[in-house]
Amino acid sequence: MINLKISALAGALAIGLASMASAASVTFNFADKDRTKTPSIEMTDASGLKLTTTAARYSYLSGNYIDRNLGGKVKTDKDAGLSVLTGSNDSHWIDGGGTYNDVAVLTFSKNVEVKSLLLYGWDSGDKLGFSTDFTKAGPGGWVSYGGSLPSVGESSVFYLWSHYDSKVEFKLKAITVEYEESTNQTPVPLPASGVLLLGALGGAAALRRRRKA
């Protein structure tokens, strides 16, 4: 296992009169329990952030990424994590073996920035891709053992690609993300007694000014 960190710049905390934003950090744990294979897995954090995980696939032929399609099934194994199954002979990993090469699709209920991935079974022979676009030809680059995830910025959808090498296999154990959490500040009404008090103080001040005059 290795914790892959995404490089990110520290963002400024924006504070305004009407609202303020702060970064909330959330970790989704795929290794918490067994989940049987299903078209999608939904997880919701206590803060209300929702993650829906589905499957996708692709084939690689003569330098071309072909047969890119959404669909398949996902499952989790306790203490190991998320697997993607996209073919009849597919093993229970995110891998490059079987009929197709696997892609895990991670869809959040709002834009987030991925801070880290925790992988199970990740070793020196493995490679992965990480992107926010599935329409292009491939993920745009591959991360090997000891490497860092590319900085792909904020998005609500991320694609975790297995390399097309048939020996590549790993599972997604956990993902940590950050998002901007907004808190609206509404004006607090002044009680009626407060209004009367302000009026009385104003009247007393006016009376003192007249006496001085």
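Here the structure is shown first, and the text comes after it.
So, how was this worked out
Chains are numbered independently. Their residues run from 1 in the order of the written sequence. Restriction of local features to residues with pLDDT of at least 70 applies here, the model being predicted, together with a cutoff of 80 or more for giving and counting side-chain atom pairs; totals for whole chains, interfaces and linings are based on all residues. Think of the side-chain values as coming from all heavy atoms in the structure, minus any hydrogens and water. Strands are runs of DSSP state E lasting at least 2 residues, helices are runs of H or I lasting at least 4, and numbering of each runs from the N terminus. Burial classes: relative accessible area under 20% of the type maximum marks a residue as buried, over 50% as exposed, and values in between as partly exposed (1.4 Å probe, protein chains only). Computed by Shrake-Rupley with a 1.4 Å probe, the accessible areas treat only the displayed protein chains as cover when residues are assessed. Here, nonpolar core means buried Ala, Val, Leu, Ile, Met, Phe, Trp, Tyr and Cys residues that are tied together by side-chain atoms lying within 4.5 Å of each other. The criterion used for residue contact is that any of the two residues' heavy atoms lie within 4.5 Å. Every case where a carboxyl oxygen of Asp or Glu lies within 4 Å of a side-chain nitrogen of Lys or Arg is listed as a salt bridge. Think of it this way: DSSP has to see at least two bridges between two strands before they count as a pair. Aromatic rings from Phe, Tyr and Trp, taking only the six-membered ring of Trp, are treated as a pair when their centres fall within 6.5 Å; an angle between ring planes under 30 degrees marks them as stacked, one over 60 as edge-to-face, and anything in between as tilted. Both a distance and an angle decide whether a charge sits over a ring: NZ of Lys or CZ of Arg must be within 6 Å of the ring centre and within 35 degrees of the ring normal.

Focus: the overall build of the protein
Step number 1: Within the protein, the regular secondary structure consists of one helix and 14 strands.
Step number 2: With 213 residues in all, the protein has 37% of them scored as buried.
Step number 3: When the accessible surface of the protein is summed, it comes to about 11,700 Å², and 52% of that surface belongs to carbon and sulfur atoms.

Concerning the nonpolar core
Proteins that are soluble and globular tend to have nonpolar side chains buried together.
Step number 1: Counting 33 residues, the largest nonpolar core has Phe108, Leu117, Leu160, Leu172 and Ile175 as the members making the most contacts within it.
Step number 2: Per-element tally for this core: the top contributor is strand 10 (residues 101-120), with seven residues.
Step number 3: Residue contacts for Ile175: discarding those within four places in its chain leaves Val26, Thr27, Phe28, Phe30, Leu51, Leu106, Phe108, Val114, Ser116 and Leu117.
Step number 4: Counting residues in each nonpolar core, the second largest holds eight residues, with Ala56, Tyr58, Tyr65 and Tyr159 among its members.

A few points about the pattern of salt bridges
Step number 1: Applying the stated rule across the entire model yields four salt bridges.
Step number 2: A salt bridge links Lys171 to Asp77, with the nearest nitrogen and oxygen atoms 2.7 Å apart. Placement of the pair is Lys171 in strand 14 (residues 169-184) and Asp77 in strand 7 (residues 73-77), with a sequence separation of 94 residues. Comparing Lys171 with Asp77 shows no difference in burial state: the two are buried.
Step number 3: Several salt bridges converge on common partners, so that one network encompasses Lys75, Asp77 and Lys171.

Side note on the pairing of strand 13 (residues 155-162)
Step number 1: Burial analysis of strand 13 places six of its eight residues in the buried class, the great majority of the element.
Step number 2: Here strand 10 runs beside strand 13; their pairing, made up of six bridges, is antiparallel. Bridge pairing in strand 13 links Ala104 to Leu160.
Step number 3: Sheet analysis places strand 11 (residues 127-131) next to strand 13, joined by four bridges and oriented antiparallel. What sits directly across from Leu128, in strand 13, is Ser162.

Considerations on the environment of Ser182
Step number 1: Within the secondary structure, Ser182 is located in strand 14.
Step number 2: For Ser182, a relative accessible area of 56% corresponds to the exposed category.
Step number 3: For the pair Ser182 and Ser22, spaced 160 residues apart in the sequence, the C-alpha separation amounts to 6.6 Å.

Focus on the packing of aromatic side chains
Centre distance and the angle of the planes are the two values used to describe a pair of aromatic rings.
Step number 1: Within the structure shown, the criterion is met by 14 aromatic pairs.
Step number 2: Relative to Tyr164, the ring of Tyr65 lies with its centre 6.4 Å away and its plane at 65 degrees, an arrangement referred to as edge-to-face. A residue pair is termed long-range when its members are at least 10 positions apart, and Tyr65 in strand 6 (residues 64-70) and Tyr164 in the loop between strand 13 and strand 14 qualify at 99 residues.
Step number 3: By relative accessible area, which is 28% here, Tyr164 ends up partly exposed.
Step number 4: Aromatic pair Phe134 and Trp161: ring centres 5.3 Å apart, planes at 50 degrees, arrangement tilted. Here Phe134 is found in the loop between strand 11 and strand 12 (143-144), whereas its partner Trp161 is found in strand 13, with 27 residues between them in sequence.
Step number 5: For Trp161, a relative accessible area of 0% corresponds to the buried category.
Step number 6: Each residue in the set Tyr58, Tyr60, Tyr65, Phe134, Trp142, Tyr159, Trp161 and Tyr164 is aromatic and connected to the rest through ring pairs, giving one cluster.
Step number 7: A cation sits over an aromatic face here: Arg57 above Tyr100, 3.9 Å from the ring centre.
Step number 8: Lying across the ring of Trp93, Lys171 places its NZ or CZ 4.9 Å from the centre.

Structural notes on the pairing of strand 5 (residues 50-61)
Step number 1: In this sheet, strand 5 lies alongside strand 4 (residues 41-44) in antiparallel orientation, the contact comprising four bridges. Its bridge partner lying in strand 5, Thr44 is registered against Lys50.
Step number 2: Counting the residues that bridge the hairpin from strand 4 to strand 5 gives five residues, and of these Gly48 lies at a positive phi of roughly 100 degrees.
Step number 3: Two strands pair when backbone bridges link them, and strand 5 and strand 6 are joined in this way by five bridges, in the antiparallel orientation. Bridging across to strand 6, Ala56 finds its partner in Leu70.
Step number 4: Here strand 5 folds back onto strand 6 in antiparallel fashion, the turn holding two residues, of which Ser62 has a positive phi close to 50 degrees.

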